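Analysis of the macromolecular model
Given next are the chains, with one letter for each unit.
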Amino acid sequence: MRPENRTSSTAPRNQAPIKSPGHVAAHVGPEGRGRVGDSPLRPDGTLKVAGEFAYSSDLWIDGMLWGATLRSPHPRALIRSLDIAPALAVPGVVAVLTHEDVPGVKFFGHDGTLDQPVLAIDQVRHQGEPIALVAADHPETARRAMEKIAIEFEVLEPVTDARAVIADPERHKVQPLGGITRHQPVRVGDVDAARAQAEVVVSGDFEVGMQDQAFLGPESGLAMPSEDGGIDLYVSTQWMHNDLEQIAPCLGLPEERIHMTLAGVGGAFGGREDLSMQIHAGMLALHTGKPVKMSYNRYESFFGHVHRHPASMHYEYGATADGKILYAEVEIVLDGGAYTSSTLNVTGNAASLGVGPYEIPNIRIDAYGVYTNNPPCGAMRGFGAVQACFAYESMMDRLAAATGLSPVEVRRRNAVSQGSKLATGQVIESPAPLADMLTRLEAMPLPPAADTSDIRNLPGGASQTTHGEGVVRGIGYGVGIKNICFSEGFDDLSTARVRLEVIGGEATVLVHTAAAEVGQGLVTLQAQIARSELGVRKVTIAPADTTVGDAGSTSASRQSYMSGGAVQKACHAVRDELLAMAERKFGSTYGQLYLDDGYVVSRWNGIVGPIEKVLGEDVIEATREFHHRPTQKMDPETGQGNSHTQLALCVHRAVVDVDTELGLVKVVEMAAVQDVGKILNRLSLEGQIHGGSAQGLGLAVMEEIVVAGGLVRNPSFTDYLIPTILDMPPMRLDILEHPDPDAPYGLRGAGEPPTLSSTPAIVAAVRDATGKALTRVPVRPEHIVA
Amino acid sequence: MEFLRPVTWADALAAKAGQPDALPIQGGTDVMVEINFDVHRPPALLDLNPVRELAEVETLPDGTLRVGAGVPYVRLINELGDRLPGLAQASRTVGSPQIRNRGTVGGNLGAASPAGDSHPPLLASDAVIEAESSARGTRLIPAVDFYKGVKRNALEPDELIRAIRIAPASGPQYFSKIGTRNAMVIAVCSFAIALHPDERRVGTGVGSAAPTPRRATAAEEFLSAELDWDARGPLSVSVAQRFGELVKEAAAPIDDVRGTADYRKHALSVMARRTLTWAWNDHRATREEAS
């Protein structure tokens, strides 16, 4: 959130770099309104709509240099020679750097897997892998000089078939680690015995294409040498402290000499969990002693971040004649590309959530993440659960067809509820009213037939491919379950600092966290929490930076839970100190004190006074860490273990009109029921559900990075299509509030679940309309007319 | 990169003659994207926006419309939709509202992409491209002779596109385009049909299914002969079917990231059949209204 980042009492030490629009006060929402449960407007909303929000790509300081990145044109090649002299000779070029110039450790990565070279060393393993950096006084100069770097490649045959890697990992090793990144089995009961009992057996092979986060703000930021010999970094990211842990060793600097401030983030969706230009800009700034800005263009952005793992999956279910599932046998293969990124945990998620929110007594799952020379894949909204969800929901529809039950009924008969065991053996301890959610969904009214007098209501839309000919309506259902917060033993804590003081005669709260606002609305929510807990109207959110403790990642639908929890906890500490102060200042005769709407109140004697009176000149500040309950690693042999903190359900019904002759789809309506535990901000929440559903729609019918021979064929928004407003239909929402007693306010993370269930619901609806098997997403017109 | 900004048409022609490798730019919806993606680095840009003549629409003595090369799509839709329905429908499928406010048919012709949306209706309506150079004056190039290859057109290096000459519709016209998204999408393939009842003739245009936009000549001839122009009887299913087949045969598409050749051919046959049906039904309805 740029505006919030730029002006406040804890603004970055050097405000000089920020020369761009958006210098607005950091008050969040209309003053004095907007507590937990209200829907105050987000402070960045108007700016974004008006085109005035300052993103990281808008950063500017006089005298800065521009960095550019030379990337590999090949998916796999040896670098035989590399000559930077011609680039250095270009007037205006200040530096050209290669891996030899990395000041510290030459590799970085997630989860302690340091396998990704800062700059390629003697070989490249995927198209777009960074090889060299240029800094020049103009971006075009940098770009042209970069093209003058002379490289001799010895091109090698790329490994592009993930299943071939599993068949022979030693032979298809693309980097020292492998091979196979992770094989996670899940073993429950006795599948072979259950198979003998099954009256109905259904099976299928399913594929999910490589989806992109398609955030609109390209990777960009500014690195400035600081007075202490370190670096000030202004970047858009999802987790500054994790960036810092990776950047510092590579730059050869202690963490305390790298000062990170969150710049305006133009969307993330997991694509900013991995480093992009951070170390590169830092290297150029250290080397040149000047500020360096880097900003990818759209083409480069497609190579600048990891994507969603494409998946190839085989499923077999056996059931009783009345639709009760007896066993599931599942193989999931996720292509992680050349480097590890988040593949370890994505594979874990695909395994633990591989059969979804259904009670299945006998399970054999084998989930694999593998290395190839395809584009690297890592975190994206849904994180391994999306791929499995498309397969297991397709299986539920197959089971419905085989047993003669309705798609809703077969799901209801197998649905988990509170007390059920997941595939991992983990018992769902909080409410999970899936059967009820399905019943509610089914009862929602259906949309009327399309008004064919306006072509925009029909498949093909404005392109006028039909006036109603060939159009058939279909209805489909989808169910998804997503883990909230990090899993498998990871203690992803959040830290919040809350300060209460009187400014201009008014009690004012300053909330400071390092939590990344990436557009999801956390800044708004933090203020709502502070207002609710302290009864103060005026709340300021300080810029997110690394002068406060770790807030964990803005991912895994976790920030409301974790940073929200930390803000609440810090507010409670401030409140307790305030009440103690009241007792000290006004004597203990008042007895038990509490806060009510900006007043300190005694249970015995009524109002003591407003906060301002109690505080006077004093300042109360508290910093608190919030931890979720501990989780366990999955057993490496059986996959068993209480691996997840919280689980969230969403169910979708999709209604589509399909032009069965041309294979074009118009999603007419999506309806969703989601249990969020507690609605903190309905407006924001509905936005998350709409957005997640739209992203799932994209995966269902259009979004795919097409890769052939390790090369991306559509790195542009001309050919990587994301839904427009004409593609995304109106939604009916039914939001349930079954509180989770372990979570702050009883909330349940909400950002990811709708991304899961919308995709299979839409594909099921298209199947309903066409009778086609449609085992791959995105569904393309040629699949429908085939 | 030089930036030339003539204010009059004569100056624009002189500038182009003086620097034939200057790339004309009008709305910039294509040129700027290519520059931003570093696809082209033209030595000079010739900005035609200040040339007011290019934004004019006039009716020539024979009734033909002369549409300036700088008239944006939004004006084709709003001001000329009644007289040029095929071109207006195609214009409506171009990009987003912002693109349609800036983009022009002149730019579409200059780029000569086989996927350009305006090409099929121009072909179906026998449009003529008016090119001009300071050395040789005006040259009229029928649309059918204008497209020379993938992103190549018939213009000489010193020529600029002045206008498109196109007769107002004498019968129903339709444009249809396949995209894998319901708006703001580049054509997987597209088709335009124009009935010319006075001449008992049918015009067609096929887009994004060959190296250049092209007419489906055999399909036109077949249909012109088969249609019941006088009695305006119902369209026979077999005629519509055959027409679709002939349009399909006229195409020479490739497999690419936007779609397969087989799908393009199939879709063309469906679009040809459907647009013919709509056009013929309109034609019949006109008779009914008249009687």
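Residues numbered from 1 in each chain as written. Chains lettered and ligands numbered in written order. Predicted model: local features only at pLDDT ≥ 70, side-chain atom pairs only at ≥ 80, totals over all residues.

1. Brief notes about helix α10 (residues 343-352) of chain A
Residue and element names in this part refer to chain A. Of all 10 residues making up α10, nine are buried, and the element is well covered by its neighbours. Taken as a whole, α10 has its buried residues at Thr343, Asn345, Val346, Thr347, Gly348, Asn349, Ala350, Ala351 and Ser352. Structurally, α10 contributes buried residues whose contacts are with β9 (180-188), β17 (325-335), β18 (362-370), β19 (377-378), α11 (385-403) and β20 (471-484). (Buried ≥ 20, exposed ≤ 12 C-beta atoms within 10 Å, placed from the backbone. Helix = DSSP H or I, 4+ residues; strand = E, 2+ residues; numbered from the N terminus. Contact = placed C-beta atoms within 7 Å.)

2. Here's the deal with the packing of helix α14 (residues 522-534) of chain A against helix α15 (residues 559-586) of chain A
Residue and element names in this part refer to chain A. Across the interface, α14 lies against α15 with an axial gap of 9 Å and an inter-helix angle of 30°. The angle between α14 and α15 falls in the class roughly parallel. Pair α14 / α15 crosses with right-handed handedness. Contact residues: α14 offers Leu522, Leu525, Gln526, Ile529, Ala530, Glu533 and Leu534, while α15 offers Gln559, Ser560, Ser563, Gly564, Val567, Gln568, Cys571, His572, Val574 and Arg575. Split into classes, the residues belonging to the contact of α14 with α15 amount to eight nonpolar, seven polar and two charged. (Axes fitted to C-alpha atoms, helices over the stretch in contact; angles between N-to-C directions. Parallel < 35°, antiparallel > 145°, perpendicular 65-115°, else oblique. Left-handed = near helix turned anticlockwise from the far one by under 90°. Nonpolar A, V, L, I, M, F, W, Y, C, P; charged D, E, K, R; others polar.)

3. Comments concerning the environment of Pro723 of chain A
Residue placement: Pro723 of chain A occurs in the loop between β31 (711-712) and β32 (731-736). Take Pro723 of chain A: there are 23 C-beta atoms within 10 Å of it, and that puts it in the buried class.

4. Let's talk about the interface of chain B and chain A
Where interface size is given, it is often the accessible area lost as the parts come together that is meant. With 29 residues of chain B in contact, the opposing surface of chain A contributes 29 residues. Put simply, the parts of the chain that give the side of chain B that touches chain A at least two residues each are α4 (85-92), β11 (173-178) and α11 (261-290) of chain B. Here the side of chain B that touches chain A takes seven residues from α11 of chain B, the largest share from any one element.

5. A short note on the environment of Pro211 of chain B
All names here are of chain B. Structurally, the position occupied by Pro211 is in the loop between β13 (201-207) and α9 (217-226). Distance from Pro211 to Tyr73, taken between C-alpha atoms, is 24 Å for residues 138 residues apart in sequence. In contact with Pro211, other than residues within four places in its own chain, are Pro114, Gly149 and Val150.

6. Some remarks on unusual backbone geometry
Residues and elements named next belong to chain A. Residue Gly179 follows Gly178 across a cis peptide bond; omega there is 10°. In this fold, Gly179 is placed in the loop between α5 (162-167) and β9. Although it is not a glycine, Ala556 sits at a positive phi angle of roughly 55°. Checked against the element boundaries, Ala556 lands in the loop between β23 (538-541) and α15. Residue classification places Ala556 among the buried residues on the basis of 29 C-beta atoms within 10 Å. One non-glycine residue, Ser557, lies in positive phi territory at about 50°. When you line up the elements, Ser557 lands in the loop between β23 and α15.

7. What to know about the sheet that holds strand β3 (residues 93-97) of chain A
Residues and elements named next belong to chain A. With mixed pairing, the seven strands of this open sheet are ordered in space as β3-β7-β1-β14-β11-β12-β13. Two strands in the sheet have a free side with no partner beyond their single neighbour: β3 and β13 (258-262). Mean inter-strand twist for the sheet, computed between neighbouring axes without regard to direction, equals 20°. Summarising the sheet, strand β1 (residues 65-71) and strand β14 (residues 292-295) pair through two bridges and their orientation is parallel. Considered in β14, the bridge of Trp66 is made with Lys293. Most of the contacts of helix α4 (residues 139-146) go to β1, to which it runs at about 30°, and overall it touches β1, β3 and β7 (130-136). Along the sheet face, helix α8 (residues 278-288) touches β1, β3, β7, β11 (220-225), β12 (231-235) and β14 and points at about 30° away from the line of β11. (Pairing = 2+ DSSP bridges.)

8. Notes on the sheet that holds strand β2 (residues 77-83) of chain A
Residue and element names in this part refer to chain A. If you trace the three strands from one edge of the open sheet to the other, you get β6-β2-β8, paired in antiparallel fashion. Each having just a single partner strand, β6 (123-124) and β8 (150-155) make up the two edges of the open sheet. Two elements, β2 and β6, share two bridges in a ladder whose sense is antiparallel. The residue of β6 that forms the bridge with Leu78 is Gln123.

9. What about the pairing of strand β12 (residues 189-196) of chain B?
Residue and element names in this part refer to chain B. With respect to burial, β12 is a largely interior element, seven of its eight residues being buried. Where β11 lies against β12, six bridges are found, and the strand directions are antiparallel. Each residue of the ladder has a partner; that of Tyr174, found in β12, is Ile193. Pairing of β12 with β13, which is carried by seven bridges, proceeds in the antiparallel orientation. Residue Ser190 lies in a different strand from β13, and its bridge partner there is Gly207. Connecting the antiparallel pair β12 and β13 is a turn made up of four residues, with Arg200 showing a positive phi of about 50°.

10. What to know about the domain arrangement of chain B
Residue and element names in this part refer to chain B. Structurally, chain B comprises domain 1 (2-46 + 53-166) and domain 2 (173-290). A C-alpha centroid distance of 24 Å is found between domain 1 and domain 2. Listed per partner, the contact involves 24 residues of domain 1 and 23 residues of domain 2. Listing elements by their share of the side of domain 1 that touches domain 2, those giving two or more residues are α4, α7 (119-124) and β8 (147-149). Element by element, the count of residues in the side of domain 1 that touches domain 2 is highest for α7, at six residues. When the residues that make up the side of domain 1 that touches domain 2 are grouped by side-chain class, the tally is 12 nonpolar, nine polar and three charged. (Domains from an automatic or database assignment.)

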